[in-house]
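# Breakdown of the fold
Spelled out from the first residue to the last, the chains are:
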Amino acid sequence: GENVGLHLPTLSVQEGDNSIINCAYSNSASDYFIWYKQESGKGPQFIIDIRSNMDKRQGQRVTVLLNKTVKHLSLQIAATQPGDSAVYFCAEDNQAGTALIFGKGTTLSVSS
Amino acid sequence: KAGVTQTPRYLIKTRGQQVTLSCSPISGHRSVSWYQQTPGQGLQFLFEYFSETQRNKGNFPGRFSGRQFSNSRSEMNVSTLELGDSALYLCASRSGTSGTGELFFGEGSRLTVL
């Protein structure tokens, strides 16, 4: 069935380090993937997305990598800042394209 | 441009009661989705509406229902509340007619069932 999960529930880094958050998905037919950031007391906020015809996409300080061979998605955050502390979710579109299937989330803690 | 607005932000109910949550999508967005977020289960899809029609439904009991109005505003209702319904209910909207694309989330309605 469709399942999107994250490898680690928590990740602690020092300010200025690069962070890598990983995600494994099980549906090889998934066409669209997205990363969200959720701060305490707020709804999820879009970070970056990628379609299955791409391997890499870059945004401001963030990069998403997609490895379709092993069904793996990762989010790289450069020069991590305390404001990056949040829960990060990966998600994929379901086969009907009408819903996002979310992973459990990784809590990123950035210490200064 | 105003974001997705959800009301109420917080509410407390007792078992057996029912609750109605409201969502106003971003202006121009015709697709509205609802998600339930709990610590144990994470974010789970409830249903999605487009042009007043339910296009997809998640794996939730019939006590969970929703609707969408002609102005794209949406409501969801939970009847006969159970303790396990305590959660953050998130509404999200997207612009396109196709299913894929960024979902814009509201801040959520936090429901506590006592």
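For clarity, every value in this text was computed on a predicted model and none was experimentally measured. (Residues numbered from 1 in each chain as written. Chains lettered and ligands numbered in written order. Predicted model: local features only at pLDDT ≥ 70, side-chain atom pairs only at ≥ 80, totals over all residues. Heavy atoms only, no water.)

## Some thoughts on the nonpolar core
Heads up, the rule is: Residues enter a nonpolar core if they are buried and are Ala, Val, Leu, Ile, Met, Phe, Trp, Tyr or Cys, with the set joined through side-chain atoms within 4.5 Å. Relative accessibility under 20% of the residue-type maximum defines a buried residue, over 50% an exposed one, and the middle range a partly exposed one, all with a 1.4 Å probe and only protein chains included. Each helix corresponds to a stretch of at least 4 residues labelled H or I by DSSP, and each strand to a stretch of at least 2 residues labelled E; elements are numbered beginning at the N terminus. Contacts: residue pairs with any heavy atoms within 4.5 Å of one another.
Residues Trp34(B), Leu46(B), Phe64(B), Met76(B) and Tyr89(B) are the most contacted members of the largest nonpolar core, which totals 21 residues. Those elements giving two or more residues to this core turn out to be strand E3 (19-24), strand E4 (31-38), strand E5 (42-50), strand E8 (74-78), strand E9 (87-94) and strand E11 (109-113) of chain B. When sequence neighbours within four positions are dropped, the list of residues in contact with Phe64(B) reads Gln36(B), Leu46(B), Phe47(B), Lys57(B), Met76(B), Asn77(B), Val78(B), Asp85(B) and Tyr89(B). If you look at the next biggest cluster of nonpolar residues, it comprises 20 residues, including Leu11(A), Trp35(A), Ile48(A) and Val64(A).

## Quick word on the packing of aromatic side chains
Test applied: Two rings from Phe, Tyr or Trp (for Trp, the six-membered ring) form a pair when their centres are within 6.5 Å of each other. A pair whose planes differ by under 30 degrees is stacked, one over 60 is edge-to-face, and the rest are tilted.
Throughout the structure, instances matching the rule amount to 10 aromatic pairs over all chains. Here the aromatic rings of Phe47(B) and Tyr49(B) are separated by 5.7 Å at their centres, their planes lie at 70°, and the arrangement is edge-to-face. With respect to burial, Phe47(B) and Tyr49(B) carry one shared label: buried. Among the aromatic residues, ring-to-ring pairing joins Tyr36(A), Phe89(A), Phe102(A), Tyr35(B), Phe45(B) and Phe105(B) into one connected group.

## Focus on the state of the cysteines
All names here are of chain A. Basically, it comes down to this: When the sulfur atoms of two cysteines come within 2.5 Å, that pair is taken as a disulfide.
Counted according to the given criterion, the structure contains 2 disulfides over all chains. Each sulfur of the disulfide joining Cys23 and Cys90 lies 1.8 Å from the other. Between Cys23 and Cys90, the S-S torsion sits near 55°, and that sign places the bridge as right-handed. Within this pair, whereas Cys23 is found in strand E3 (residues 19-25), its partner Cys90 is found in strand E9 (residues 86-93), the two being separated by 67 residues in sequence. A relative accessible area of 0% means that Cys90 is categorised as buried.

## Here we look at the environment of Thr80(A)
All names here are of chain A. Along the chain, Thr80 falls in the loop between strand E8 (72-77) and E9. Residue classification places Thr80 among the buried residues on the basis of a relative accessible area of 0%. Expressed as a C-alpha distance, the spacing of Thr80 and Ser19, which sit 61 residues apart in the sequence, is 6.5 Å. In this structure, Thr80 is in contact with Val13, Gln14, Glu15, Gly16, Asp17, Asn18, Ser19, Arg61, Leu108 and Val110, ignoring residues within four places of it in sequence.

## Some thoughts on the pattern of salt bridges
What counts is decided by this rule: A pair is scored as a salt bridge if a Lys or Arg side-chain nitrogen falls within 4 Å of a carboxyl oxygen belonging to Asp or Glu.
Counting across every chain of the model gives 10 salt bridges over all chains. Linking Lys68(A) and Asp55(A) is a salt bridge whose minimum nitrogen-to-oxygen distance equals 3.2 Å. Of this pair, Lys68(A) sits in the loop between strand E7 (62-67) and E8 while Asp55(A) is found in the loop between strand E5 (45-51) and strand E6 (56-58), placing the two residues 13 residues apart along the sequence. Taking the relative accessible area as the measure of exposure, Lys68(A) reaches 35% and is therefore partly exposed. Residue Asp85(B) pairs with Arg63(B) through a salt bridge whose shortest N-O separation is 2.8 Å. Here Asp85(B), found in the loop between E8 and E9, pairs with Arg63(B), found in the loop between strand E6 (53-57) and strand E7 (64-68); they are 22 residues apart in sequence, far enough to count as distant. Accessibility classification places Asp85(B) together with Arg63(B) in one group, the buried group. What you see here is one network of salt bridges that share partners, running through Arg63(B), Glu82(B) and Asp85(B).

Everything listed here is a matter of geometry and, on its own, says nothing about what the molecule does.
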